[in-house]
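Spelled out, the chains give:
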Amino acid sequence: MVIQKEKKSCGQVVEEWKEFVWNPRTHQFMGRTGTSWAFILLFYLVFYGFLTAMFSLTMWVMLQTVSDHTPKYQDRLATPGLMIRPKTENLDVIVNVSDTESWDQHVQKLNKFLEPYNDSIQAQKNDVCRPGRYYEQPDNGVLNYPKRACQFNRTQLGNCSGIGDPTHYGYSTGQPCVFIKMNRVINFYAGANQSMNVTCAGKRDEDAENLGNFVMFPANGNIDLMYFPYYGKKFHVNYTQPLVAVKFLNVTPNVEVNVECRINAANIATDDERDKFAGRVAFKLRINKT
Amino acid sequence: MGLSSTRAAELLARDGPNALSPPKQTPEIIKFLKQMVGGFSILLWIGAFLCWIAYGIQYSNNMSSSLDSVYLGAVLVLVVILTGIFAYYQEAKSTNIMSSFSKMIPQQALVIRDSEKKILPAEQLVVGDIVEIKGGDQIPADIRVLSCQGCRVDNSSLTGESEPQSRSSEFTHENPLETKNICFYSTTCLEGTATGMVINTGDRTVIGHIASLASGVGNEKTPIAIEIEHFVHIVAGVAISIGVLFFIIAVSMKYHVLDSIIFLIGIIVANVPEGLLATVTVTLSLTAKRMAKKNCLVKNLEAVETLGSTSIICSDKTGTLTQNRMTVAHLWFDHQIFMADTSENQSNQVFDQSSGTWASLSKVITLCNRAEFKPGQESVPIMKKVVVGDASETALLKFSEVILGDVMQIRKRNRKVAEIPFNSTNKFQLSIHETEDPGDRRFLLVMKGAPERILERCSTIMVHGQEQPLDESAAQAFHTAYMELGGLGERVLGFCHLYLPADKFPETYVFDTDAMNFPTSNLCFVGLLSMIDPPRSTVPDAVTKCRGAGIKVIMVTGDHPITAKAIAKSVGIISANSETVEDIANRLNIAVEQVNKWDAKAAVVTGMELKDMSPDQLDEILATYSEIVFARTSPQQKLIIVEGCQRQDAVVAVTGDGVNDSPALKKADIGIAMGIAGSDAAKNAADMVLLDDNFASIVTGVEEGRLIFDNLKKTIAYTLTKNIAELCPFLIYIIVGLPLPIGTITILFIDLGTDIIPSIALAYEKAESDIMNRKPRHKKKDRLVNMPLAVYSYLHIGLMQALGAFLVYFTVYAQEGFLPSSLINLRVEWEKDDVNDLEDSYGQEWTRYQRQYLEWTGYTAFFVGIMVQQIADLIIRKTRRNSIFQQGLFRNKVIWVGIASQIIIALILCYGLGSVTALSFTTLRPQYWFVAVPHAILIWVYDEMRKLFIRLYPGSWWDKNMYY
């Protein structure tokens, strides 16, 4: 009895659906007649057309408020972050000395990264600037006048420049180079007219022990003021970011070493508790030797 | 002699106390759990579990994964539990009002036990106890009368018979309900005394049986519960289908399953209006409070709306439509009918009182009356004084008190020397008095009773103060008047008097009422007087209003058809120009069968006719006639009538007061019990209690119910709108890969923070037009959430809102350095923790935390964008058809409270808690608060346009698709 009832209602449901999809009596497709569908489609075409136009207009008006060369606000970028190259997953620099493949990808990345720093390219595109002072280029009445950049030659990176280096930045010998760079921030006068440098250390005492010696290029990890300020990608086309290379000479092998590098500059705080990369960078170094 | 205490204790232990077991209550914990899993809670539970599953997967991959999803899951569960507790609390609060109401006063009974008279609580009675009852007592159990003196009981709460029933010790009928020697539990003894033996106690009494019958009638879902279920289904359907769709899209776009699960959670949370059900509960209870002020006490919150969708009201007559007291309506003397004032205070008696006949008549009325005011009521208005005596004597007493002044004094001056009280065999009442005129030594004999019996005893008639022989023409005039008054459904009494000649009846004469040593014929007829239980003065208006509102009012009464019809006519249940089949037959002088029944609009159906009817015939009557009166119906038939109405797809409201009404009250879509006259069983079975027993209060209730339905629509439309604005970010995030525009927690802050008070504020909105001028909503066609409402909220306003909010979001990002074009497909890089030098449109590089902070600023901006546009949304939702300016922007002050609350909450979140990063709110620049304003204005303008076209072209394509 009950089953019969259900079956019937099941058939009814199918029937109702059929009638909903196409009702031959009223010529309704999905509950609407052809004209009704036409109206609906036309309406939504017009309505959504209008909404798109309205949104585009407001977006256009909004974009008029932002300039091409400097962002309107830079409050979030008060402290530039530090970053390392090679860029690795989770910032773990792991080198299996015997396993070429493990570090070859780093080497490839570095080759590519350092290519614009080649002396020839730098000489061709950029100026030789006076070290120790900011390279300011005011507009002088000409709006958005294109800016020149200062040379940072690859040779300045010494043993880490990788030029004619059979050890592949030291990766093949377990003495890897890690490059430290500071995030670009437009119109940021890093160092507040005083010299600044990058220093690295083991995060904890045991890390310091395991880290061993390292050398920095340019010497002392200095970053020169002439690379600042940065004027933005559009007008400061050939801007070359200054780098500091750190070559770790005798890291205790087969141990994970936590390294932290920070910048010492008068106007860059490095103790932000929330932002672990403000003015500093922490990475793991592990040299596996058999 | 009675039972011994020990035996009684044994029986008490066997049968249990003599009390009705209260209706089964759902255990509190079940009620509570129901709130936890009802409605959207299930979806949120799913969301919470998905969160934890996501965390589980994350944890198994990476031990140091963040606890964000655990927190989110916990927050979702918290939301479910809090809203559940809230709904439970609201529900409990409204039930509490009732339970305090239904508390019974402990009843006492006079019992003979151990050969001693004892007063015991009625609960301790057992079968076999001998109890004594006197006038005014409530019968403590079902009792077989052993002996009695003039005992009369009011069985109205049981059988619906309003006439007092006399009791005797004789067995007169097989049916216990008919026999005269049984008194029933919970009925009252009006007068006399009786001694009886308890034959049934507690639930085994006749009343107990009926009460248990009532709990057997299933509880049907209220219309609003169905509507809300429907709405939950729609929203849940949308949420689940979009969720699953985008889960599939996400997976096929090569997103990690884990991420896809998190998207799914976001979509569910965005789609579910978490605060809405709580809002609905608050809205309903606000209305319930408002109705309680207007004398409708609502037991079940959802019943508030049910009343609004009512299409048939089956109303009692006595007490609901009428004042529930006999009142003198007409007088006939000097061959003329006079009308008396029947209004509630009777202060305006305008008939001619100069005639000598009136002087005599008033004397008869005053003297031939045993009713007396209870002492100590000097300051109480006459109409409110308590009287000892039956209904018609009370009416006469009050009538004469109003016109003549202190009746007791008059009676004292005309000392009563003999009296024969009314009895059913001779059908008259007689008394003999000394007159107050000291010069007149004659005795005055006054008599009243059934008019034809009185007339038989008269030989003369008084006209203009002069006695004239009662000739053929005078008798004819009497009969005409009698018929006319009887035809009005009134109870007619005749009055006559005789001055006994002083020579035959000297002052020392001893009257013997048994021997009747005085004349009782050849009296002088003075006049007629008719009484009726008059309609309440507010009822005719209320009935007219019902009619305008498309509500059919059916009178169901135990009274005589003629009386019922007369009252129905006077209150408008049968309108002035409509006729019954019988009326037409009378007018055309043809047989009833020959009348075309389609000509008649009204029908009076008696219980006898109803008994022989098949359900089909009843359906036909209910469908054919628009004005129906059921007379002489038994309470059981009320249930049949209610079922008949429900077969017509009507939402039926039923009023009732007696215990025997409880099955019908329970069966009805909304049972309305009388607060004053109602029995506890009726109040228990009902959904609503009418505190003043007044029909007009039902109509105000209907108005409130309709208003709340409209306002709930507005609330839901308001709440649904922003769901799209909350959902779009997730969809865009998945497909276009923008950094997430709004976080799940932020969404909860909208749903449960800024939006709550405004959506409640809509409950205070006044009606747009006269809601009592339209048909009741069809329970299957006029849904709370219909297609146009969903489409308009989701695809029109919701979309505009989403665009406006995105504008704010893009503005924040662009002004910080990320132009809109750079955001596309940025998501993956953006969210990588080890990318700390992500380049923006200007070549600057961002650390993860800097980006995170910007993302939170984006959340805040999107939140503010939605909030600003929700203000516009709130304003447009004030009306569905009228322009806001017609409705008055400032008429509903609560809306402005809502808007203020919205802004203040947003300000607190943004500036007060801006530093608490756990909530992902940041301090927003003040100008961003205004970015969405153009879109807010657009929303308002667009909606005004929609309403304008709806008003201009009613019934058009636009109207059909745009009016929700």
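Residues numbered from 1 in each chain as written. Chains lettered and ligands numbered in written order. Predicted model: local features only at pLDDT ≥ 70, side-chain atom pairs only at ≥ 80, totals over all residues. Heavy atoms only, no water.

### What about the state of the cysteines?
Residue and element names in this part refer to chain A.
And then number 1: As enumerated under the stated definition, the model contains three disulfides over all chains in all.
And then number 2: Bridging Cys160 to Cys177, the disulfide has an S-S length of 1.9 Å. A torsion of -80 degrees about the S-S bond marks the disulfide between Cys160 and Cys177 as left-handed. Here the residue Cys160 occupies a position in the loop between helix 4 (119-125) and strand 6 (177-182), and Cys177 occupies one in strand 6, the gap between them amounting to 17 residues.
And then number 3: Across the disulfide from Cys200 sits Cys261; the S-S distance is 1.9 Å. (Disulfide = S-S within 2.5 Å. Helix = DSSP H or I, 4+ residues; strand = E, 2+ residues; numbered from the N terminus.)

### Concerning the environment of Lys569(B)
All names here are of chain B.
And then number 1: As for its placement among the helices and strands, Lys569 is situated in helix 17 (residues 561-571).
And then number 2: Sequence-wise, Lys569 and Pro540 are 29 residues apart; in three dimensions their C-alpha atoms are separated by 9.4 Å.
And then number 3: Not counting residues within four places of it along the chain, the set of residues in contact with Lys569 comprises Ile574, Ser578 and Asp583. (Contact = heavy atoms within 4.5 Å.)

### Considering the side chain of Gln151(A)
And then number 1: Examined against the element boundaries, Gln151(A) turns out to sit in the loop between helix 4 and strand 6.
And then number 2: Setting aside chain neighbours within four positions, we find Gln151(A) in contact with Gln122(A), Ala123(A), Asn126(A), Asp127(A), Val128(A), Gln156(A), Met226(A) and Tyr227(A).

### Some remarks on the domain arrangement of chain B
And then number 1: In terms of domain boundaries, chain B breaks down into domain 1 (105-216), domain 2 (296-322 + 536-693), domain 3 (327-532) and domain 4 (721-962).
And then number 2: Distance from the C-alpha centre of domain 1 of chain B to the C-alpha centre of domain 3 of chain B: 35 Å. (Domains from an automatic or database assignment.)

### Some thoughts on the sheet that holds strand 1 (residues 22-23) of chain A
Residue and element names in this part refer to chain A.
And then number 1: If you walk across this open sheet you meet the three strands as 1-2-3, and the pairing is antiparallel. Two strands close off the open sheet at either side, each with one partner strand: strand 1 and strand 3 (32-33).
And then number 2: Across two bridges, the pairing between strand 1 and strand 2 (residues 28-29) is antiparallel. From the neighbouring strand, Trp22 faces strand 2, where its bridge partner is Phe29. (Pairing = 2+ DSSP bridges.)

### Re the packing of helix 25 (residues 744-754) of chain B against helix 30 (residues 848-876) of chain B
Residue and element names in this part refer to chain B.
And then number 1: At a minimum axis distance of 10 Å, the contact between helix 25 and helix 30 shows a crossing angle of 30 degrees. Taken together, the axes of helix 25 and helix 30 lie roughly parallel to each other. Note on packing geometry: the crossing formed by helix 25 with helix 30 is right-handed. Contacts between helix 25 and helix 30 involve Thr746, Phe749, Ile750 and Thr754 on the former and, on the latter, Tyr859, Phe863, Ile866 and Met867.
And then number 2: Among the residues making up the contact of helix 25 with helix 30, the classes are represented as six nonpolar, two polar and no charged. (Axes fitted to C-alpha atoms, helices over the stretch in contact; angles between N-to-C directions. Parallel < 35°, antiparallel > 145°, perpendicular 65-115°, else oblique. Left-handed = near helix turned anticlockwise from the far one by under 90°. Nonpolar A, V, L, I, M, F, W, Y, C, P; charged D, E, K, R; others polar.)

### Observations regarding helix 8 (residues 257-271) of chain B
Residue and element names in this part refer to chain B.
And then number 1: Taking 1.5 Å as the rise per residue, helix 8 with 15 residues should run 21 Å; its terminal C-alpha atoms sit 21 Å apart, in good agreement.
And then number 2: Summarising burial for helix 8: 12 of the 15 residues are buried, a large majority.
And then number 3: Within helix 8, the full set of buried residues consists of Leu258, Ser260, Ile261, Phe263, Leu264, Ile265, Gly266, Ile267, Ile268, Val269, Ala270 and Asn271. (Expected span 1.5 Å × (residues − 1). Buried < 20%, exposed > 50% of the residue type's maximum accessible area, 1.4 Å probe, protein only.)

### Topic: the interface of chain A and chain B
And then number 1: Taken together, the contacts link 51 residues of chain A with 46 residues of chain B.
And then number 2: When residues of chain A are sorted by the area they lose upon contact with chain B, Phe55(A), Tyr73(A) and Arg76(A) head the list and together hold 17% of the total.
And then number 3: The tally of links from chain A across to chain B stands at eight salt bridges.
And then number 4: Of the charged contacts in the structure, one is a salt bridge between Lys87(A) and Asp837(B), with a shortest N-O distance of 4.0 Å.
And then number 5: Breaking the side of chain A that touches chain B down by element, the ones donating at least two residues are helix 2 (34-64), strand 4 (82-85) and strand 6 of chain A. (Buried area = accessible area lost by both parts, 1.4 Å probe. Salt bridge = Lys/Arg side-chain N within 4 Å of Asp/Glu carboxyl O.)

### Points about the packing of aromatic side chains
The geometry of an aromatic ring pair is captured by two quantities: the separation of the ring centres and the angle between the planes.
All names here are of chain A.
And then number 1: Applying the stated criterion across every chain yields a total of 55 aromatic pairs over all chains.
And then number 2: Note on Tyr44 and Tyr48: the rings are 5.4 Å apart at their centroids and 50 degrees apart in plane angle, and the pair reads as tilted. Residue Tyr44 and its partner Tyr48 are located together in helix 2, separated by four residues, close to a single helical turn.
And then number 3: The partly exposed category is assigned to Tyr48, whose relative accessible area is 27%. (Phe/Tyr/Trp six-rings, centres within 6.5 Å; stacked < 30°, edge-to-face > 60°.)

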